[in-house]
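# Remarks on the overall topology
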Amino acid sequence: MPASAHVLAKLARDYAATTPQRLKVIDTYMAFCVAVGLIQFLYCALVGTFPYNAFLAGFGSAVACFVFAANLRIKTNPSNSHQFGTSSEGAFAEFVLCHIVLHFVVSNFLG
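Residues numbered from 1 in each chain as written. Predicted model: local features only at pLDDT ≥ 70, side-chain atom pairs only at ≥ 80, totals over all residues. Heavy atoms only, no water.

This part covers the layout of surface pockets. Taken as a whole, the largest pocket holds about 160 Å³ of empty space. Gln-40, Tyr-43, Cys-44, Val-47, Gly-48, Thr-49, Phe-50, Pro-51, Ala-54, Phe-55, Gly-58 and Phe-59 together form the lining of the largest pocket. Contributions of two or more residues to the lining of the largest pocket are made by helix 2 (21-47) and helix 3 (52-76). Looking at the lining of the largest pocket, its residues break down into eight nonpolar, four polar and no charged. (1 Å grid on protein atoms, 1.4 Å probe; cavity = no way out; pocket = protein on both sides within 12 Å on 5 of 7 lines; lining within 4 Å. Points joined across faces, edges and corners; volume = space filled by probe spheres on them. Helix = DSSP H or I, 4+ residues; strand = E, 2+ residues; numbered from the N terminus. Nonpolar A, V, L, I, M, F, W, Y, C, P; charged D, E, K, R; others polar.)

All right, on to the pattern of salt bridges then. What the rule picks out here adds up to three salt bridges. Here Asp-14 and Lys-10 are joined by a salt bridge, their closest N and O atoms 3.0 Å apart. With Asp-14 and Lys-10 both in helix 1 (residues 3-18) and four residues apart, the pair spans about one turn of that helix. Judged by relative accessible area, Asp-14 falls into the partly exposed class, the value being 36%. Across the salt bridge formed by Lys-75 and Glu-94, the nearest N and O atoms sit 3.1 Å from each other. With Lys-75 in helix 3 and Glu-94 in helix 4 (residues 88-110), this residue pair connects regions lying 19 residues apart in the sequence. (Salt bridge = Lys/Arg side-chain N within 4 Å of Asp/Glu carboxyl O. Buried < 20%, exposed > 50% of the residue type's maximum accessible area, 1.4 Å probe, protein only.)

With that settled, the discussion passes to the nonpolar core. Ranked by size, the top nonpolar core spans seven residues in total: Leu-23, Ile-26, Met-30, Ala-69, Leu-72, Ala-91 and Phe-95. With three residues, helix 2 is the largest single contributor of residues to this core. In this structure, Leu-72 is in contact with Ile-26, Ala-91, Phe-92 and Phe-95, ignoring residues within four places of it in sequence. Cys-33, Ala-57, Cys-65 and Val-106 belong to the second largest nonpolar core, which has six residues in total. (Core = buried A, V, L, I, M, F, W, Y, C linked by side-chain atoms within 4.5 Å. Contact = heavy atoms within 4.5 Å.)

This part is about helix 1. With 16 residues, helix 1 should cover 22 Å at 1.5 Å per step; its first-to-last C-alpha distance of 22 Å lies within 8% of that length. Counting buried residues along helix 1, only zero of its 16 residues qualify, which leaves the element largely exposed. (Expected span 1.5 Å × (residues − 1).)

Turning next to helix 3. Taking 1.5 Å of rise per residue, 25 residues should cover 36 Å, and helix 3 covers 36 Å from first to last C-alpha, within 8% of that figure. Those residues of helix 3 not exposed but buried are Phe-55, Ala-57, Gly-58, Ser-61, Ala-62, Ala-64, Cys-65, Ala-69, Leu-72, Lys-75 and Thr-76. Contact partners of the buried residues in helix 3: helix 2 and helix 4.

It is at 10 Å that the axes of helix 3 and helix 4 come closest, and there the two elements cross at 175 degrees. Relative to helix 4, helix 3 is oriented roughly antiparallel. Broken down by class, the residue content of the contact of helix 3 with helix 4 amounts to 16 nonpolar, seven polar and two charged. (Axes fitted to C-alpha atoms, helices over the stretch in contact; angles between N-to-C directions. Parallel < 35°, antiparallel > 145°, perpendicular 65-115°, else oblique.)

It is worth spelling out the confidence of the model for the protein chain at this point. Mean pLDDT over the protein chain works out to 91, with 98% of the residues at or above the 70 mark. Per-element averaging of pLDDT across the protein chain places helix 1 at the bottom with 92 and helix 2 at the top with 95. (pLDDT = per-residue confidence, 0-100.)

What follows is the structure, given as structure tokens:
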């Protein structure tokens, strides 16, 4: 087994064993945001950018959702609890409020 495969296997084992379920769900959502952004970018590159504002709104929304999820993951990680004064519920409320504002802006940008 190559050294890189061994390192990746150990990383996956440690991730599965030590990461709380809540953070795994957030990581899955972040992977979904990356996949959506990649699909939109590939579509734009292959088909074209006719409704350019729609591409910008969709791609920007995917990037912003990823950033908001990264913020939520950082604030709800138990090992970072001493750095932030907010609870997990407060971090989730901030996440939801940011998403509401984001989707309002995106829907207005679409026209």
